[in-house]
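# Observations on the model geometry
Below, each chain spelled out in residue letters.
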Amino acid sequence: MTERNLYGTAAVSALAMALVLSAPMAEAQERTPSGTLTIGWQWDPSTMDPQMHRQRYTQIISHNMRDKLFYQEPPGLTPVPLLAESLEQIDETTYEARIREGVLFHNGDELTAEDVVFTFQRLWAEETNSPRAGMGNMRNIDSIEAVDRYTVRWHTAVPFGPPASAVVGLHLTGQEILHKATYENLSMEEARTHPPMGVGPFSFVEWVPEQRVVMDAFEDYWQGSPLVERITWRTIPEEAIRVAELLAGSVDMIFPVTPDFLGQLQSANVKLEVVPGTYMRMVMMNVREGSPFHDPEVRRAMNYAFDRQAIVDFLYEGLANVNWQIPGSGQEGFIEGYVPFSYDPDKARPILSQITEPIEMYVESAWELPAQVVAEQLRGYGMNITTVVLDQASFNARNEAGEFDLLFAGGGYGAGTFLGAYYNNHFDCSRFESNRIRTGFCDPELDALERQAAAEADPVLRREYTDEIVRRLTEVHMPWVPMFSPSDVWAMQPHVEGFAGSSAGQFFNMHEVSVGN
Amino acid sequence: MLNFILHRAGQTLIVLFGVTLIIFFMLRVMPGDPVALMFAEGDDEDIGAARAEFERALGLDRPLYVQYFVFLGDILRLNFGNSIVRGGEPVLDMVARALPLTIELSIYALLIALVIAVPVAILSALKQNTVWDRGGTAFALIGVSLPSFWQGIMLVMFFAVWIPIFPVSGVLDTRLSITRVTGAPFTDAVLTGNWEAAWSVLRHMTLPALTLGTGICGQFVRVLRSSLLEVKHQDFIDAFRARGLSERAVVRHMLHNAMPTTAVIIGLRIGALLSGTIVIETVFAYPGMGYLLIQAINARDFPVVQGVVVLLTAMVIAANLMADIIHGMLDPRVKLSGGRGNK
C-alpha cells in the first residue's frame, strides 16, 4: 500500500467514524401528540410518488412521511445519517451502509435492506422514467444489493471518493425510502396517488390536489412521536393572501415570506424564523467575444461597481447575506474571510463609463425590484442599461442559450456542494454539449482541477484544490458578480413552538414542533 | 333551428381545429419548455444527459409535426394527454377536478352581477339624467375599471381580516369534507345533505364571486340601461301607461323587451368571465380552470395548456351558441337558420 493510499484509507475510516458518531440518537420518548398545525405555503405537491418529480416542495411533503438514509443538517448542510447508521467505503468502488434496526413503517412492518434496494432499483428502472434517476452521480452506479437484513451495498463504475462525498454521489440525502411490499405491486399511475407508506414522522390522511395535504402523527416513529397531532398543508400561491390568512388566524405558519411583507408582519403579533438562504443572486455576464463583458477588466470593474450592502439593508431589511465569492456562505468551497473585492465606485467608473452602448439586463419577474436597483447603480456610471422582465421559462431559455449580455440570475445550492453537479451545471465546458451556454465561460484547465479535487480522498488536498478553483473563478475569470443570498423566512403564530428552519430541508424537524391550540 | 345548430357545429369544428394548431405551435415557439424548467437546476453530475434522456422518453425529441399529429389523434380519441410536470396525471382528470369549481364560481358571480346590475340599470333608466342615473353610470364605470387583483385583496383585507365575516381563501374549511358526486363542491354538499359544508363552500366562494361579479356587472348595467331607455320611449310603453297599468307592470314589460340583448351580452361575457377567473382563482387559492391554466403556462406544461385551452374554447363557443338560441327564443323577430345568407 502506498503512503497516499494509507493516508486515504485513514481518512476514509475517520470520515466513516465521524458519520457514525454524528448520527442522531433514536431515543423513543413517551410523547402524546396534540393540536393541529395548519401551514399556508405557496405550493401543491405534484405527485405522491417521490420518484416522479424534481421539486423541492413535493419532496418536503414526501419526506415528512418517508425518511431518507441521510439528511442535511442545518446550518452547514452536512450530510448526517438518518435511517442509515453508517456509510463505509469497502474498496474504491464499493460502499456499504448499515441501516437502523427496529424502524417501523406506518403499517407496522420493519424497515429492511430489501426496502432500500427496491427503492433505488425502482428509481433507476427504465420503465419508471424517473426524472430523479440521474441525480448525484447515480448514472455511474452499477448495482445495489442487500448483504443482509440491515446492510446495503452499492457498486459504482467509477470511484465516488470518501464516504463524505460518496453520500452525495450515491444521492443518499435525496431519496426517500419506499415500502417494497406496497410499491412493487403498484403501477406508475396508481403510485401517483397511492397513500404514501414510509417510515417518516407523519402518516398520510388525504391529498386534495391544489388545496391541501393532511397528515397525522405516527406515534411509533423511530425518533419518538411527533408533538403535533395533525399537520394540514394548505396551498396558497399568492403571498398577500398567505399573509392575510396568518393575520386572520386561519393558518399557524406561512412560507415563504418576502421582504415586501416583513414590515407588516413585524408590526403584528407574529414570530419570524430566519435562516441564511441557499439561493444566491448574481449578475451573470456574457464573456464571449462581441459582448462588452468579454474583457476581464470590465468584469473586474463590475465586481467593484455595486453597493451590495445598501441593497441588503434597504430592500431586504438586512435579511440577506452579501456575497463576494462564487460559492455562497455555507456552500462547499466557501472561503471564510475571503473578500477579493469591495464596493469601490472609483475603481469601477473609469472602465464602466466607457461602455455606452445600450445593454439589456434580463430578470425574472420575482426579482425585478433588486434588478432595477442594480441597473440604476450601473446607470450611475453612465451605462445605458434597460431591465427586461421575463417569466421563469423564458428567462431560463435565454440563460441556457447564452443570449444576453447581462442576466440578473440565481443559483441554488441547497445540496451544499460545489464540486460535481453545481460546478458542472454552471462552469464545466461539457455543458456546451447539451446547449447550456450560459455565460459562455469555459476553461478546460479549471475543469481538470475540479475533477482532481472531486476525486481527492485527502480532505486537506481537496480543500486546497477547491480553494484554487474558487479563487480563479472569482478573481481571474469573473463570469459572475456575486451579489447576495436572501434569507429564508417563515412567519408563525406565537403558539407555534420548536420549529427550526432549514434552507435545505426547509421543514425538516416537524416532529419537534408543538402548538398551543 | 336544427339547421342553425348543425351549421354552427360545423363552424365549431373548424374553429377548434384552428385552435389546436395555434396553441400547439405557439407553445413551441414560446421560449422555454417543461423539461428545461424541471432540469434547470439540480444536483445531477450530468444534468444535460439526464434531461435528454427524459425528453426522449416523453417523445419531445421527435419532429414538431409528428408531435402535432400525435396530439391531434389523441384529441380525436378524447385523450388530452398527461401532465409532464404533475407526475403524469391525465389532463382530463385535472380538468374534471377544476371545471366544476369554475362553473360554480362563475354562476355565483353571474348571479351577484345580475342582482346588482338589474336594479341599478332600472333605477338609472327610470330616473334618466338624475343623480341616480349618474350614480349608476359611475358605479358601472368603477366596476369595469377596478383591477380585479387589487379589488380582491382589498375585499380580503376588509371582510376577512379587519371584519372577519368571510374566509380569506380556499374552497372549504379544512375540518370538513364533501362526498364527491359531480365534483362541484356546493352542489355535492347540497346533494348529500351536508349543510355545514354547503355553507362553508358558499362563504369561501363569496369574496372571489363578488370580485368577479362586480367586474362584469358594470357592463351589464350599461347594456341593460341602454336597452331599457330604448324600450322606454316606445309607443307601446306609453300605451300601457295610458291604459292605467301600474308602474311595476310597465317596468316588467320594459324588462321583458330589453332582456334579449342583455341575454346575448351575458352569453358573450362568458368568455370574459372565464378569463377573469385566471386572476381571481389564483388570488383566492381557488383551484378552478383559471388557476390550472396559469399554473400550467408558468410551468410550460404543454399537454395541460393545450387541453385546457381547447376545452375552454369549446365551452365559450357553446355558451355563445346557447346565447344565440336563447336570444331567438326570447325575441321572435330573430330567425335562427343555418346555411349561406339565409339568416
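Residues numbered from 1 in each chain as written. Chains lettered and ligands numbered in written order. Predicted model: local features only at pLDDT ≥ 70, side-chain atom pairs only at ≥ 80, totals over all residues. Heavy atoms only, no water.

### A word on the overall build of chain B
Counting its regular elements, chain B contains 13 helices and 0 strands. Along the chain direction, N to C, the helices and strands of chain B fall in the order α-α-α-α-α-α-α-α-α-α-α-α-α. The dimensions of chain B, computed from C-alpha atoms along their principal axes, are 85 × 60 × 40 Å. Expressed as a percentage of its 343 residues, the buried residues of chain B come to 50%. Of the contacts formed within chain B by residues at least 6 apart in sequence, a portion of 70% connects residues at least 24 apart. Counting every atom, chain B has about 16,300 Å² of accessible surface; 67% of that belongs to carbon and sulfur. For chain B, the separation between the mean place of its 26 positive charges and that of its 25 negative charges on side chains is 15 Å. (Helix = DSSP H or I, 4+ residues; strand = E, 2+ residues; numbered from the N terminus. Buried < 20%, exposed > 50% of the residue type's maximum accessible area, 1.4 Å probe, protein only. Contact = heavy atoms within 4.5 Å. Areas by Shrake-Rupley, 256 points an atom, 1.4 Å probe, with all protein chains shown as cover. Lys, Arg positive; Asp, Glu negative; His and termini not counted. Charge placed at Lys NZ, Arg CZ, Asp CG, Glu CD.)

### Looking at the state of the cysteines
Residue and element names in this part refer to chain A. The tally for this structure, following the rule as stated, stands at 1 disulfide over all chains. Covalent S-S linkage joins cysteine 429 and cysteine 442, the inter-sulfur distance amounting to 2.0 Å. Taking the sign of the S-S torsion, about 105 degrees here, the bridge from cysteine 429 to cysteine 442 comes out right-handed. Linking cysteine 429 in the loop between helix H14 (421-426) and helix H15 (444-455) with cysteine 442 in the loop between H14 and H15, this pair joins segments that are 13 residues apart in sequence. By relative accessible area, which is 15% here, cysteine 429 ends up buried. (Disulfide = S-S within 2.5 Å.)

### So, the environment of glutamate 206 of chain A
Residue and element names in this part refer to chain A. Along the chain, glutamate 206 turns up in strand E8 (residues 202-208). Residues glutamate 206 and proline 486, spaced 280 residues apart in sequence, show a C-alpha to C-alpha distance of 33 Å. Among all residues touching glutamate 206, those that are not within four sequence positions of it are Arg212, Val213 and Val214. Of the polar contacts made by the side chain of glutamate 206, one reaches the side chain of arginine 212; its length is 3.0 Å. (Polar contact = N/O pair within 3.5 Å; in protein donor to acceptor, adjacent residues only side chain to side chain.)

### Quick notes on the domain arrangement of chain B
Residue and element names in this part refer to chain B. What the domain assignment reports for chain B is domain 1 (2-76) and domain 2 (91-342). Distance between the C-alpha centres of domain 1 and domain 2: 32 Å. Contact residues are listed per partner, giving 22 residues for domain 1 and 20 residues for domain 2. Together domain 1 and domain 2 conceal approximately 1,900 Å² of surface at their shared face, both sides included; 77% is due to carbon and sulfur atoms. If you sort the residues of domain 1 by the area they bury against domain 2, Phe4, Arg8 and Leu27 come out on top, with a joint share of 29%. Remark: the boundary between domain 1 and domain 2 carries 0 salt bridges. One can count 2 residue pairs in polar contact (both at pLDDT 80 or more) joining domain 1 with domain 2. Looking at the side of domain 1 that touches domain 2, the elements with two or more residues in it are helix H1 (2-29), helix H2 (34-38) and helix H4 (64-76). Looking at side-chain class alone, the side of domain 1 that touches domain 2 contains 14 nonpolar, 5 polar and 3 charged residues. (Domains from an automatic or database assignment. Buried area = accessible area lost by both parts, 1.4 Å probe. Salt bridge = Lys/Arg side-chain N within 4 Å of Asp/Glu carboxyl O. Nonpolar A, V, L, I, M, F, W, Y, C, P; charged D, E, K, R; others polar.)

### Some thoughts on the packing of aromatic side chains
Residue and element names in this part refer to chain A. Across all of its chains, the model carries 34 aromatic pairs over all chains by this definition. Both rings, one in phenylalanine 255 and one in phenylalanine 507, keep their centres 5.6 Å apart while their planes meet at 90 degrees; by these two values the pair is edge-to-face. In this pair, phenylalanine 255 is assigned in strand E11 (residues 253-255) and phenylalanine 507 in the loop between strand E20 (496-497) and strand E21 (514-515), connecting sequence segments 252 residues apart. Note on accessibility: phenylalanine 255 and phenylalanine 507 belong to one class, buried. Judged by centre distance (5.1 Å) and plane angle (50 degrees), the rings of tyrosine 316 and phenylalanine 484 are tilted. Taken together, the residues span a long stretch of sequence, with tyrosine 316 in the loop between helix H10 (308-315) and strand E14 (320-322) and phenylalanine 484 in strand E18 (residues 480-486) at a distance of 168 residues. Judged by relative accessible area, tyrosine 316 falls into the buried class, the value being 7%. By the ring-pair criterion, three or more aromatic residues cluster together here, those being Trp41, Trp43, Tyr57, Trp233, Phe255, Trp490, Phe499 and Phe507. (Phe/Tyr/Trp six-rings, centres within 6.5 Å; stacked < 30°, edge-to-face > 60°.)

### Details of H10 of chain A
Residue and element names in this part refer to chain A. Buried within H10 we find Arg308, Ile311 and Val312. Seen along its axis, H10 keeps its buried residues to an arc of 95 degrees; they face one direction. Contact partners of the buried residues in H10: helix H9 (296-305), E14, helix H12 (368-379) and E18. The positive-phi residue at the C-terminal boundary of H10 is glutamate 317, with phi of around 50 degrees. (Arc of directions from axis to C-beta.)

### Description of the sheet that holds strand E5 (residues 94-99) of chain A
Residue and element names in this part refer to chain A. Taken in spatial order, the 4 strands of this open sheet run E4-E5-E7-E6, and their pairing is antiparallel. Across the chains shown, the open sheet's two edge strands, defined by having one partner strand only, are strand E4 (84-91) and strand E6 (141-148). When the angles between neighbouring strand axes are averaged without regard to direction, this sheet yields 20 degrees. As judged from the 6 bridges shared by E4 and E5, these two strands associate in the antiparallel manner. Looking at the pairing, alanine 84 lines up with isoleucine 99 of E5. Contacts from helix H3 (residues 113-124) reach E5, E6 and strand E7 (151-156) within the one sheet, and its direction differs from that of E6 by about 165 degrees. (Pairing = 2+ DSSP bridges. Axes fitted to C-alpha atoms, helices over the stretch in contact; angles between N-to-C directions.)

### Describing the pairing of strand E1 (residues 36-41) of chain A
Residues and elements named next belong to chain A. Among the 6 residues that make up E1, 5 are buried, leaving the element largely enclosed by the rest of the structure. Here E1 pairs with strand E10 (residues 230-235) via 6 bridges, running parallel. When the bridges of E10 are listed, threonine 38 appears paired with threonine 232. Here E1 runs beside E11; their pairing, made up of 3 bridges, is parallel. Counted as the bridge partner of isoleucine 39 is methionine 253 from E11.

### Structural notes on the side chain of threonine 94 of chain A
All names here are of chain A. Here threonine 94 shows up in strand E5. Given a relative accessible area of 7%, threonine 94 falls into the buried group. For threonine 94, the residues in contact, after removing those within four places along its chain, are Glu88, Gln89, Arg153, Trp154 and His155.

### Comments concerning empty space enclosed by the protein
Applying the stated rule across the entire model yields 1 cavity of 30 Å³ or more. In this structure, the largest cavity encloses a volume near 30 Å³. Split into classes, the residues belonging to the lining of the largest cavity amount to 3 nonpolar, 3 polar and 2 charged. (1 Å grid on protein atoms, 1.4 Å probe; cavity = no way out; pocket = protein on both sides within 12 Å on 5 of 7 lines; lining within 4 Å. Points joined across faces, edges and corners; volume = space filled by probe spheres on them.)

### As for the pattern of salt bridges
Under the criterion given, the structure shown has 36 salt bridges over all chains. The closest approach of N and O atoms between arginine 51 of chain B and glutamate 400 of chain A, which form a salt bridge, is 2.7 Å. Note that arginine 51 of chain B is positioned in helix H3 (residues 47-58) and glutamate 400 of chain A in helix H13 (residues 392-401), a pairing that runs across two chains. In this structure, arginine 51 of chain B and glutamate 400 of chain A share a single accessibility class: buried. Through salt bridges that share partners, Asp44, Glu189, Arg192 and Glu210 of chain A together with Arg86, Glu89 and Arg97 of chain B make up one connected network.

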